[in-house]
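Descriptive structure summary
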Amino acid sequence: MRWMRSKMKNQIVMHYESLAREHDQKKRKRPTTPLPRRLSVSIKLLKERFYADKNADFQTRHTVYGQKRACLIYLQGTVDQALIEDAILAPLNHPLPNRRRLHPGIDARLSSLDIEPLATLEAISDHLLNGHPVLLIDGEKEAYAFSMNAFPERAIDKPDNENVLKGPHEAFTEKIEKNTALIRRYLRTPRLIHEMHTLGRLQKTSVSLFYVEGIVNPSLVETIKKRLDAIEALDYDSVVNIEQFIEERPYSLLPSMLTTERPDRVAAHLAEGHIAIMQDNFPYAYIAPATYWTLFHTPEDHYARLPYAWFSRAIRTFAFFLTLLTPAVYIAATNYHLEMIPIDLLMAIAGSREMVPFPVILEILLMEFSFELIREASIRIPSQIGPTIGIVGALILGQAAVQANIISPIMVIVVAITGLASYAHPDLSFGFAIRIARFFFIAAAAILGFLGIALLLAASLAYIVSFKSFGVGYFTPWAPYVPSSHDVFLRKPLPDETIMPLANLPLQKTKANRPRYLALKEKDQWRKKRRWRP
Amino acid sequence: MKFMKYSTASAQDVFRQNNPSTNDRIGLRELIAIDFFLLGVKGTDLTASFFFQFAGSAAWLLPLLIFIFLLPIIFLVTHLLSQYEGKSLLFISEQLLGRSLTYLAAFVLFVLGMAATVLNMRSYAQMTGIMFYGRTPLIFLYGVILLTTAYVAYRGLEAIGRVASLLLPYAVFSFVLLYFGVYDMMDYRAIFPLFGQGWKMISETILHLGFVVDIFYFALFASMLKGGSRTYKHGTLIGVGIAGVGTMGLIFMYTDVFGYPGVNQVLFHYQQITRIAHYGQFINHIEAAFLGTWILATVVHFALYLYTMVYLLHYLVRSEDMFRLFIPVTAAVFFAGLYPYRSEKLFFIYREWIVWILTATVYPYFLLLVLLARIKGGKKRGRKKTS
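The rules behind these values
Residues numbered from 1 in each chain as written. Chains lettered and ligands numbered in written order. Predicted model: local features only at pLDDT ≥ 70, side-chain atom pairs only at ≥ 80, totals over all residues. Heavy atoms only, no water. Helix = DSSP H or I, 4+ residues; strand = E, 2+ residues; numbered from the N terminus. Rg over C-alpha atoms; globule rule 2.2 N^0.38 Å. Buried < 20%, exposed > 50% of the residue type's maximum accessible area, 1.4 Å probe, protein only. Contact = heavy atoms within 4.5 Å. Areas by Shrake-Rupley, 256 points an atom, 1.4 Å probe, with all protein chains shown as cover. Lys, Arg positive; Asp, Glu negative; His and termini not counted. Charge placed at Lys NZ, Arg CZ, Asp CG, Glu CD. Buried area = accessible area lost by both parts, 1.4 Å probe. Nonpolar A, V, L, I, M, F, W, Y, C, P; charged D, E, K, R; others polar. Polar contact = N/O pair within 3.5 Å; in protein donor to acceptor, adjacent residues only side chain to side chain. Patch = residues over 30% accessible without salt bridge, like charges linked within 9 Å, V, L, I, M, F, W, Y side chains within 5 Å. Salt bridge = Lys/Arg side-chain N within 4 Å of Asp/Glu carboxyl O. Core = buried A, V, L, I, M, F, W, Y, C linked by side-chain atoms within 4.5 Å. Pairing = 2+ DSSP bridges. Axes fitted to C-alpha atoms, helices over the stretch in contact; angles between N-to-C directions. Phe/Tyr/Trp six-rings, centres within 6.5 Å; stacked < 30°, edge-to-face > 60°. Lys NZ or Arg CZ within 6 Å of the ring centre and 35° of its normal. Expected span 1.5 Å × (residues − 1). Bend = angle between axes of the 7 residues up to and from the residue. Parallel < 35°, antiparallel > 145°, perpendicular 65-115°, else oblique. Left-handed = near helix turned anticlockwise from the far one by under 90°. 1 Å grid on protein atoms, 1.4 Å probe; cavity = no way out; pocket = protein on both sides within 12 Å on 5 of 7 lines; lining within 4 Å. Points joined across faces, edges and corners; volume = space filled by probe spheres on them.

With that out of the way, let us pick up the overall build of chain B. Scanning chain B from terminus to terminus reveals 17 helices and two strands. Taken over C-alpha atoms, the radius of gyration comes to 21 Å for chain B, in line with the 21 Å a tight globule of 387 residues would show. Counting only C-alpha atoms and orienting by the principal axes, one finds that chain B spans roughly 70 × 45 × 40 Å. Here chain B holds 387 residues, and 60% of them are scored as buried. Taking all contacts inside chain B whose residues are at least 6 apart in sequence as the whole, residues at least 24 apart take part in 82%. For chain B, the accessible surface area stands at approximately 15,900 Å², while carbon and sulfur atoms represent 67% of it. Between the mean site of the 31 positive side-chain charges and the mean site of the 18 negative ones, chain B shows a separation of 11 Å.

Given below as structure tokens:
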């Protein structure tokens, strides 16, 4: 069993995590080719590298630099042509003020641009791929890259999955620089660190780590960095989704990271000692470590006033159990514990099921499957015929199936409540987890009624409390109990949230001047008396 | 003894050690909840029948009596643990009794524990089968409950503790709910005569202190307690206190609802009483809901039993990986639980024997340890000598 348990882990990465530590950093460096002094040779090598005879995007523009021949290289489409003409080629065609040889980096004509000297062919090809035009000069040891890429990009939009009624309406885009700027706007502190790692051999993906120095626990950062190192050492062709590479348990139903598209949420978590991981070309941030509560909360819980937030959380808690248990409880009650149902209701259920030829379990599986089918189809259905799905779902699966005596009307209610409740859960990954777990509960209820449900509940509770996301328990600060601001099922008023979530072991333990806060409570008898103590 | 230390794969990692989620420790909340589930559940099984047998109408006072008898023993054991702070019971025993005698003691503890586990678990499966699942084969019920229990135990002691601490409020709530459900059917006069069968009660209680030996089995894990012997003392006192009050309340309910002589004719009091609990006109017969909470409590209860057994076996066979022993222990419990069933009376006889033996072995063992610690001296006395 232990063997199985270790097999279920993200084995390769876990293994290489230890390996990467011992691995010599120099050995892992790519082979480098120094730039040839002769321009024609360098151009030839670069052309070979980019298959320029076949590749239409590879562009060379010949020009001069002082007395020397020079060549500007770029990949078409990744740069702004007009900008290149105006900012690079036109100034170069101006004569130099005197015949002194000038370094392009300090050349008055180009000094307003962001220029980086490059000594190797590999560096040149990386910069070209990142959309930087590169200037090669005959006889020079170094080439010069201009950071002025113009990849097509999307404007900042409203969040799609994490809407709030009250709060900021901004979501991440695919461009990492823009996302960084968004996070920095919400967290204007010099202690916010943005670390970049480049992973992938064929397709280079930049992976960014965000954390606040002095708040986050360094060993947490170290853990994630080690995993990134391990992925780098393994030389994957491409890192499609960083989440699946660094999470510990890929087979588990539970997500070990919080996925969000909201910069304000990322900023709030960073300020509480979490780490955000972002990836180029991916408009979501992953927040680690995640607990059940972070997945259960929404950003609006803190923007809305206290009673409204409580109400909303209570509804969501209720929805969680409804999603997980409604069909299972219905099966258990109708198959095993008939005496539980009041006699009138029992008669009504029996009456409505009179004409239905199937057992309850088959009925419910049929309906649940149809509902999941609608959900899956509605994601992919073209938007022009989107409304059709509502008609199909409501009319055919609801009314017609009942009239055809395939299912009983009460089953439609059960499935509808379950389906509705499953939309109340804010996190996409956790929503999936509940929806899948629901089927296990249905099976348990079909086999053993309430006994089965209780046994499965006990087992899943044992699993969930011992599940860890980056070494932090899933049910902290509840089980195990850790001092916190009690932001779990309910929350305190914002001014009373003075303790950091200590389960992450942050270096900074409080969010406010705690002695002063406690002194205030001592003095203010009115407050002290009426304060709600969780 | 080095292999017994609860070491994790990356013990070097400071983060792991300081982290409450990963340092594999049991805190006060967990200990209270564990003690509650170890003893409180006993009020719902056939232990109540024993109590009625000893004390008649005063059965509901027996938990109080047991608690009074337990108090000095808890203090003594705490004193013993505090002399060897941060050490597990077997380590202390090795220091005081020597390795071979400790081995023997562990073997006896293991065998008796296994017998109790098998007998109790089988009886729980039987209860479920007779009261709720008349057509399901007993073996299947037994196997399913055992497998779930084994899984919960396999997740580790801290996971059991966390599950217990999460479930404790609901368990207490279900007791209170049950009280309101049968409120109108209770006849308080049934508890008289107040002292039931008189002095016999006290001698029988002392003979059957083995019913609550579980909390002393927990001293095996004293090294995993967050606050050491202090936590053990407070957790045990509070946990046993809550469990005692709960059990008293339950037996009080049984006596009053079924009436005094009548209660002797009832088997499975808790299950019967949940059947007749009702709330207004509309909500009645919700024994299935009580079944749910009861099964959750049962799973936690037996998960601790299994974990203790695996821990003892781990000590006995000196295996490298403790968690591998879950398979043989679970299998042994399963096959031993298939003993032929003749009558419920047989179960009572077996159970009584085991309780007697437990009383006769475990308490003397602990008292011996306390005495030896007093003579040989623990940490504190040792310090005095050197200075």
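Turning next to the overall build of chain A. Summing up its helical and strand segments, chain A has 20 helices and twelve strands in all. In chain A, buried positions account for 47% of the 534 residues. Accessible surface for chain A amounts to roughly 26,700 Å². Of this, 61% is attributable to carbon and sulfur atoms.

For an interface, size is often stated in terms of accessible area lost upon the parts coming together. Between chain A and chain B, the residue contacts involve 42 residues of the former and 41 residues of the latter. Summing both partners gives a buried area of about 3,800 Å² for chain A against chain B, and 73% of it is carried by carbon and sulfur. Listing elements by their share of the side of chain A that touches chain B, those giving two or more residues are helix 1 (2-7), helix 8 (218-233), helix 18 (428-466) and strand 12 (472-473) of chain A. Per element, the largest residue contribution to the side of chain A that touches chain B is 15 residues, and it comes from helix 18 of chain A. Here the side of chain A that touches chain B is built from residues that sort into 29 nonpolar, nine polar and four charged.

Here the focus is the side chain of A:Ser208. Residue and element names in this part refer to chain A. Counting through the fold element by element, Ser-208 comes out in strand 7 (residues 205-212). Judged by its relative accessible area of 0%, Ser-208 is buried. In terms of polar contacts, Ser-208 uses its side chain to reach the side chain of His-194, at 3.0 Å.

Further remarks concern a nonpolar patch on the surface. All names here are of chain A. On the surface, Leu-253, Leu-428, Phe-432, Ile-436 and Phe-440 cluster together into a nonpolar patch covering about 490 Å² of accessible area. If you trace the backbone, Ile-436 turns up in helix 18. By relative accessible area, Ile-436 is classed as partly exposed at 37%.

All names here are of chain A. Under the defined criterion, the tally for this structure stands at 27 salt bridges over all chains. Across the pair Glu-153 and Lys-175 runs a salt bridge whose closest N-O atoms are separated by 3.2 Å. Here the residue Glu-153 occupies a position in the loop between strand 5 (143-146) and helix 7 (176-186), and Lys-175 occupies one in the loop between strand 5 and helix 7, the gap between them amounting to 22 residues. Among the residues examined, Glu-153 registers a relative accessible area of 42% and is labelled partly exposed. Judged by relative accessible area, Lys-175 falls into the partly exposed class, the value being 24%. We note a salt bridge from Arg-313 to Asp-487, for which the minimum N-O separation is 2.9 Å. In this pair, Arg-313 is assigned in helix 13 (residues 306-335) and Asp-487 in the loop between strand 12 and helix 19 (514-523), connecting sequence segments 174 residues apart. A single salt-bridge network, built from bridges that share partners, covers Glu-368, Glu-372, Arg-375, Arg-435 and Arg-438.

One finds A:Ile242, A:Ile277, B:Phe37, B:Phe216, B:Tyr217 and B:Phe218 to be the most contacted residues of the largest nonpolar core, which totals 239 residues. Here this core takes 22 residues from helix 14 (residues 287-317) of chain B, the largest share from any one element. Not counting chain neighbours up to four residues away, the residues in contact with B:Phe218 comprise B:Ile26, B:Leu31, B:Ile34, B:Leu157, B:Leu225, B:Tyr232 and B:Leu304.

Before going further, it helps to spend a moment on the sheet that holds strand 5 of chain A. Residue and element names in this part refer to chain A. With antiparallel pairing, five strands are arranged side by side in an open sheet as 1-2-4-5-3. Each edge of the open sheet is held by one strand with a lone partner, namely strand 1 (58-65) and strand 3 (115-118). Pairwise comparison of adjacent strand axes, ignoring direction, gives a mean angle of 25° for this sheet. Taken together, the two bridges between strand 4 (residues 134-137) and strand 5 define a ladder with antiparallel strand orientation. Looking at the pairing, Leu-135 lines up with Tyr-144 of strand 5.

Residues and elements named next belong to chain A. With respect to topology, five strands assemble into an open sheet ordered 6-7-9-10-8, the strand pairing being antiparallel. Two strands in the sheet have a free side with no partner beyond their single neighbour: strand 6 (192-199) and strand 8 (258-260). Strand-to-strand twist in this sheet, taken as the mean axis angle between neighbours without regard to direction, amounts to 25°. In the packing of helix 8 onto the sheet, the strands contacted are strand 6, strand 7, strand 9 (275-279) and strand 10 (285-288), and the crossing angle to strand 6 comes to about 15°.

Now for the packing of aromatic side chains. Any pair of aromatic rings gets described here by the distance separating the centres and the angle formed by the planes. Enumeration according to the criterion identifies 48 aromatic pairs over all chains in this entry. Relative to A:Trp293, the ring of A:Tyr292 lies with its centre 5.0 Å away and its plane at 75°, an arrangement referred to as edge-to-face. In this structure, A:Tyr292 and A:Trp293 share a single accessibility class: buried. Measuring from ring centre to ring centre gives 5.2 Å for B:Phe334 and B:Phe335, while their planes differ by 75°; the resulting arrangement is edge-to-face. On the basis of relative accessibility, which here comes to 22%, the residue B:Phe334 falls in the partly exposed class. Among the aromatic residues, those joined into a ring-pair cluster are A:Tyr292, A:Trp293, A:Phe296, A:Phe320, A:Phe321, A:Phe430, A:Phe475, A:Trp478 and A:Phe489. Lying across the ring of A:Phe432, A:Arg435 places its NZ or CZ 4.7 Å from the centre.

All names here are of chain A. Here helix 18 contains 39 residues, and its C-alpha end-to-end distance of 22 Å is more than 12% below the 57 Å for a straight helix at 1.5 Å per residue. The largest bend in helix 18 is about 140°, located at Leu-448. Among the residues of helix 18, the N-terminal cap falls to Asp-427, whose side-chain oxygen and the backbone nitrogen of Ser-429 are separated by 3.2 Å.

Residue and element names in this part refer to chain A. The interhelical angle for the contact between helix 15 (residues 360-380) and helix 17 (residues 409-423), taken along N-to-C directions, is 40°, at an axis separation of 10 Å. For the element pair helix 15 / helix 17, the angle class is oblique. Here the hand of the crossing between helix 15 and helix 17 comes out right-handed. Along the contact surface, helix 15 presents Val-360, Glu-363, Ile-364, Met-367, Glu-368, Phe-371 and Arg-375, while helix 17 presents Met-411, Val-412, Val-414, Val-415, Thr-418, Gly-419, Ser-422 and Tyr-423.

A water-sized probe, rolled over the atoms, reveals where empty space remains. All names here are of chain B. All chains considered together, the criterion is met by seven cavities of 30 Å³ or more. Within this model, the largest cavity holds a volume of roughly 230 Å³. Together, 22 residues line the largest cavity, and Ala-116, Val-213, Asp-214, Tyr-217 and Tyr-305 are the ones closest to its centre. If you list the elements that add at least two residues to the lining of the largest cavity, you get helix 6 (99-131), helix 10 (214-217), helix 14 and helix 16 (344-376). Here the element with the most residues in the lining of the largest cavity is helix 6; it accounts for five residues. Within the lining of the largest cavity, the residues separate by chemical class into 14 nonpolar, five polar and three charged. In this model, the second largest cavity occupies a volume close to 170 Å³. The wall of the second largest cavity is formed by 15 residues, among which Leu-39, Pro-63, Ile-66, Val-212 and Thr-247 lie closest to the centre. Within the residue set of the lining of the second largest cavity, elements represented by two or more residues are helix 3 (47-55), helix 4 (62-83) and helix 11 (229-258).

Limitation: the analysis is restricted to geometry and does not speak to function.
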